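Commentary on secondary and tertiary structure
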Amino acid sequence: MCNGPLLGKILLFSVPLMLSGILQLLFNAADIVVVGQFTGSDALAAVGSTGSLNNLIINVFMGLSIGTSIMVARYYGAQDWKNVHEVVHTSMLLSAVCGVVLIFIGVILAAPLLELMGTPEDVLDQAVLYMRIIFVGMPALMIYNFGAAILRAVGDTQRPLIFLLIAGVINVVLNLFFVIVFHMGVAGVALATIISQCVSAALVVVCLVRSNGAYQLHLKQLCVKKDKLLQIVQVGLPAGIQGAVFSVSNVLIQSSINSFGSVAMAGNTAAGNIEGFVYTSMNALYQASLSFTSQNVGAKKLNRVVPVLVRCLGAVVVVGAALSSLAILLSRQLLGIYSSDPAVIQYGVGRLEVVCATYFLCGMMDVACGSMRGLGSSIIPTVVSLAGACGLRILWIFTIFAVDRTLYCLYLSYPITWIITFVCHLTCFLIFLYVKKRREAAQPQ
């Protein structure tokens, strides 16, 4: 990451990561398709209604995996093998602890939070059941994501792809088995998801144990190094808080969608799942900007930071625009995979034509944010994101949407907040990089 041409290396890093993200999304997509086709629109709405709430609870902890990735990449770029070893072992123990904590949070808070969101009575019981089962599998989800973050930080995006391919096939097979054969409904698809997550977690642990070099995992050496934990928290917690507050705005939007009824909820769920495949592909470029910037900062090669950002921005626009256009062109066929109800499909098309058509703006916003984090700034991108994408979106709900209570008006909040937040991120990035270069130039050689 620290030498030679950048674009080819960024694409080699990003493409397996895109495929990994798509496979991970298939966990939830398989749940939604199976319940939509074999159980009904109520079950489809129940599964979809938990998504934003799950993310709200999980994202604080997932932010710590971003801290792990940044710290491993920075020490790896500086060839500081002792600190790489300590970050790896602190992170993997931390992931297991976070997963256990999440079990209790999700199981206890599922019912009251879903009721607070205004989840309709006809889907509430199924939504609570699905959410509680999913949270039992949180330790596996955390272990996989922290382990994959370590591999990404050292440039390995291929093995996580293989692990998710295996787990994804298991998830789809078990979904069909539990729902069609045993008629378990939402409980069946939730159980299939957590079993497949356990498989991917086991595979990533075995991979790290058998790896060579500083990032090899020794299970008997798992411990928390206080200084490394503080570094991970310092870098990752703001990212987690940002993700959580993003989810607050999404929960408010989901609550607004709930007011249109279960059919609108089902259409929104299906469209949102299709958009997820576009988002996760763009998110691979965010991960690339984060990892490439972090390693070059660690290697003290700040002259490569702007070229990394420019190439990642160009790639994310191409990927986002191309995949979004394809999703809109095939919208009815794709939505038909999730539900055969014409009303559900029509609601889904309405969302795709507004949100998905402008999704590349979200990718640009994320890439600029990733470059800021890679530079070592954790607070500034969080503040910008909270004020821009989240604060403005919440303001929109209570002002513009309050006047024009239509789904079109609600969905319009997404592209407007994305472009404003991107401009702010880019401005802060250029200022922060200028200051960092001045400081390094002032240091004695």
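Each remark here, short or long, concerns the structure printed above.
A brief look at the structure comes next.

What counts as what
- Residues numbered from 1 in each chain as written.
- Predicted model: local features only at pLDDT ≥ 70, side-chain atom pairs only at ≥ 80, totals over all residues.
- Heavy atoms only, no water.
- Helix = DSSP H or I, 4+ residues; strand = E, 2+ residues; numbered from the N terminus.
- Buried < 20%, exposed > 50% of the residue type's maximum accessible area, 1.4 Å probe, protein only.
- Patch = residues over 30% accessible without salt bridge, like charges linked within 9 Å, V, L, I, M, F, W, Y side chains within 5 Å.
- Areas by Shrake-Rupley, 256 points an atom, 1.4 Å probe, with all protein chains shown as cover.
- Salt bridge = Lys/Arg side-chain N within 4 Å of Asp/Glu carboxyl O.
- Lys, Arg positive; Asp, Glu negative; His and termini not counted.
- Charge placed at Lys NZ, Arg CZ, Asp CG, Glu CD.
- Axes fitted to C-alpha atoms, helices over the stretch in contact; angles between N-to-C directions.
- Parallel < 35°, antiparallel > 145°, perpendicular 65-115°, else oblique.
- Left-handed = near helix turned anticlockwise from the far one by under 90°.
- Contact = heavy atoms within 4.5 Å.
- Nonpolar A, V, L, I, M, F, W, Y, C, P; charged D, E, K, R; others polar.

Here Ala 153 lies in helix H6 (residues 138–153). Taking relative accessible area as the criterion, Ala 153 reaches 0% and is therefore assigned buried. The sequence separation of Ala 153 and Gly 236 amounts to 83 residues, and the corresponding C-alpha distance is 14 Å.

Judged by side-chain charge, Glu 115, Glu 121, Asp 122 and Asp 125 come together as a negatively charged surface patch. With respect to the helices and strands, the residue Glu 115 is situated in helix H4 (residues 81–116). The class for Glu 115 is exposed, based on a relative accessible area of 51%.

Glancing now at the packing of helix H10 (residues 262–298) against helix H14 (residues 359–374). Between H10 and H14, the least distance of the axes is 8 Å, while the angle of their chain directions is 20°. The pairing of H10 with H14 is recorded here as roughly parallel in orientation. Considering only the axes of H10 and H14, their crossing is right-handed. Contacts between H10 and H14 involve Glu 275, Val 278, Tyr 279, Met 282, Leu 285, Tyr 286, Ser 289, Leu 290, Thr 293, Ser 294 and Val 297 on the former and, on the latter, Tyr 359, Phe 360, Cys 362, Gly 363, Asp 366, Val 367, Cys 369, Gly 370, Ser 371, Arg 373 and Gly 374. Residues belonging to the contact of H10 with H14 are distributed by class as follows: 12 nonpolar, seven polar and three charged.

On to the environment of Tyr 75, then. Tracing the chain through its elements places Tyr 75 in helix H3 (residues 51–77). Tyr 75 sits in the buried class, given a relative accessible area of 14%. When the C-alpha atoms of Tyr 75 and Leu 94 are compared, they prove to be 19 Å apart, with 19 residues separating the residues in sequence. Not counting the four nearest positions on each side in its chain, Tyr 75 is found in contact with Asp 80, Asn 83, Val 84, Val 87, Lys 228 and Gln 231.

All we've got here are geometric facts, nothing functional implied.
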